[in-house]
Amino acid sequence: MSAMTSSTFYKRFVQSKAFFIFCFWVICIIVYSQFFTKITSTNHQSSNSTKSSKTWNFQDRHLDYQEKGKRLNSKSPMKGFSRSDNIDIAEAFKEPSNFRERMKIKYKTFTANFGKDNFGNGDKYLIYRCDSNRMSGCGGWADRIKGILLGYVIANLTGRTFKAEMKTHNCEMTDYVIPNHVNWSLPRSFHEEIINSEDVQILNLVDRRPFYNDLHKINFKTYINIKSKFIYLKANLDYMDGLKANTFHAHQLSWMTNLTRDQIAGNIFKRLFQLSPDIQKRLDDLLEKYLHNSSEKLICAHIRMGRNPSIPRDSVARNSPSVFPKVWNFIKTTLSGYERAKVFVMSDSQNAIEDAKNQSFSDRLILVPGEITHTERSVGVEDKTVCKGMAKVLLEQFLLMSCDVLMISKSGLGRMAAYVRGSDVGLFCLVAGEVVPCQMSNLKELYKILG
């Protein structure tokens, strides 16, 4: 009888209003507890982040689309330079139909959580410098970029303000690229001529193999002169592997842990650089002129020849005209898979450009006008011409970053474009006269290079 009474009471309770009120309050308590736990966790993480920012130590993580949206709408910390970051957050959730649209979003997001730079009190500097005197022999644009990336990391590891300047051919660096998230610009040089002194230390690391080999065990706080106010540096190799493996600064460089060398370099490049307004407009106008809608793909080939009639003083010949047919066949085969596509060819050889004009895809060809020059190897060429050539190179490199299919050759410029492009999809390499699929993470091994 008691069992029947208990069962009857239970059925009546479940059917009553009291039961629904009871369930409502249970749900409220659960939701509140989860919300409170999330808020507490967020505050704790924020507190830890504030402490870590002083040491430039941030754990790497791949940003989800929500985090990307936050970064897209964040304002630039830079003063004196404007950035077009005002992209609708909803756009970050859309899958771009081509690499051009993808790059507009990707260039403003990072797979590395750097955090705030550790530039100390701003009274000591580490400056990447290339000039026509003591700091000459820097290499081309790609070599200089590799030196700048190294300098930026060392500046953070040693608590120095980072700056960069190029004083060759009277070409102003900020005519081509300007600061993105880090104000590395130096409107006025601290020294017109550089001489080693108590206040100035010069680090010439160009082609220095011992430094390259020992990078994993260098303590930069003792490697540089702590008393010197100005450290001037030039370097030209790919130092990302050594930095990632460095034991003395493992805590500060922990954000590199889960990244490959290409991701590290690509992230730092994007953190430092964006195109100057003038060259960005030229790039936008070019894309608008030749690519009229998002369904049109861009097939690209960068043919680095090395020493050739266009750059007769280059250090070595890297390819010969015999590779042209292989590249053109690759382009033709690729085009057969796309109903609507354009072709962009970049080369340091005018012969390669002229040969491309004679191919069956000439009606789809995109070329950047201007004389071919080399920032380091163009001897006897007017400064004005070299500077225009520099602008052409930067425009073309950023165009390579937006290609749906990208073929590169043995060139630091092409490799950096692939790193910033940030995908193995549609990536091909010209190796030993053949065009083969390749991956960003093993380009150094593929081309057997240090830089």
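In this report, we go over the structure that sits alongside the text. (Residues numbered from 1 in each chain as written. Predicted model: local features only at pLDDT ≥ 70, side-chain atom pairs only at ≥ 80, totals over all residues. Heavy atoms only, no water.)

**Considering the layout of surface pockets**
Of the pockets and cavities examined, the second largest pocket occupies roughly 940 Å³. Around the second largest pocket sit 45 residues that line it, and Asp143, Arg304, Arg318, His374 and Gly412 are the ones nearest its centre. Elements with a minimum of two residues in the lining of the second largest pocket: helix 6 (141-158), strand 8 (341-347), helix 14 (383-400) and helix 15 (412-421). If you tally residues by element for the lining of the second largest pocket, the top one is helix 14, at five residues. (1 Å grid on protein atoms, 1.4 Å probe; cavity = no way out; pocket = protein on both sides within 12 Å on 5 of 7 lines; lining within 4 Å. Points joined across faces, edges and corners; volume = space filled by probe spheres on them. Helix = DSSP H or I, 4+ residues; strand = E, 2+ residues; numbered from the N terminus.)

**A word on the environment of Met103**
Structurally, Met103 can be placed in helix 5 (residues 99-106). Separated by 300 residues in the primary sequence, Met103 and Cys403 have C-alpha atoms spaced 9.3 Å apart. If sequence neighbours within four positions are ignored, Met103 has contacts with Met401, Ser402, Val420 and Arg421. (Contact = heavy atoms within 4.5 Å.)

**Some thoughts on the pattern of salt bridges**
Any two side chains of opposite charge can pair, on the condition that their charged atoms come close. Evaluation of the coordinates by the stated rule reveals 19 salt bridges. Of the charged contacts, one joins Asp404 and Arg100 as a salt bridge, the two residues approaching to 3.9 Å between their closest N and O atoms. Of this pair, Asp404 sits in the loop between helix 14 and strand 10 (405-408) while Arg100 is found in helix 5, placing the two residues 304 residues apart along the sequence. Summarising the burial analysis for this pair, Asp404 and Arg100 share the class buried. Lys444 is the salt-bridge partner of Asp241, the closest N and O atoms lying 4.0 Å from each other. Residue Asp241 is found in helix 9 (residues 240-244), and its partner Lys444 is found in helix 16 (residues 443-447); the two are separated by 203 residues along the sequence. Owing to a relative accessible area of 5%, Lys444 belongs among the buried residues under this scheme. In this structure, a network of salt bridges that share partners links the residues Asp241, Arg261, Lys444 and Glu445. (Salt bridge = Lys/Arg side-chain N within 4 Å of Asp/Glu carboxyl O. Buried < 20%, exposed > 50% of the residue type's maximum accessible area, 1.4 Å probe, protein only.)

**Description of a positive patch on the surface**
A cluster of like positive charges, contributed by Arg318, Arg377, Lys410 and Lys448, occupies part of the molecular surface. On the secondary structure map, Arg377 appears in the loop between strand 9 (365-366) and helix 14. Judged by relative accessible area, Arg377 falls into the partly exposed class, the value being 31%. (Patch = residues over 30% accessible without salt bridge, like charges linked within 9 Å, V, L, I, M, F, W, Y side chains within 5 Å. Areas by Shrake-Rupley, 256 points an atom, 1.4 Å probe, with all protein chains shown as cover. Lys, Arg positive; Asp, Glu negative; His and termini not counted. Charge placed at Lys NZ, Arg CZ, Asp CG, Glu CD.)

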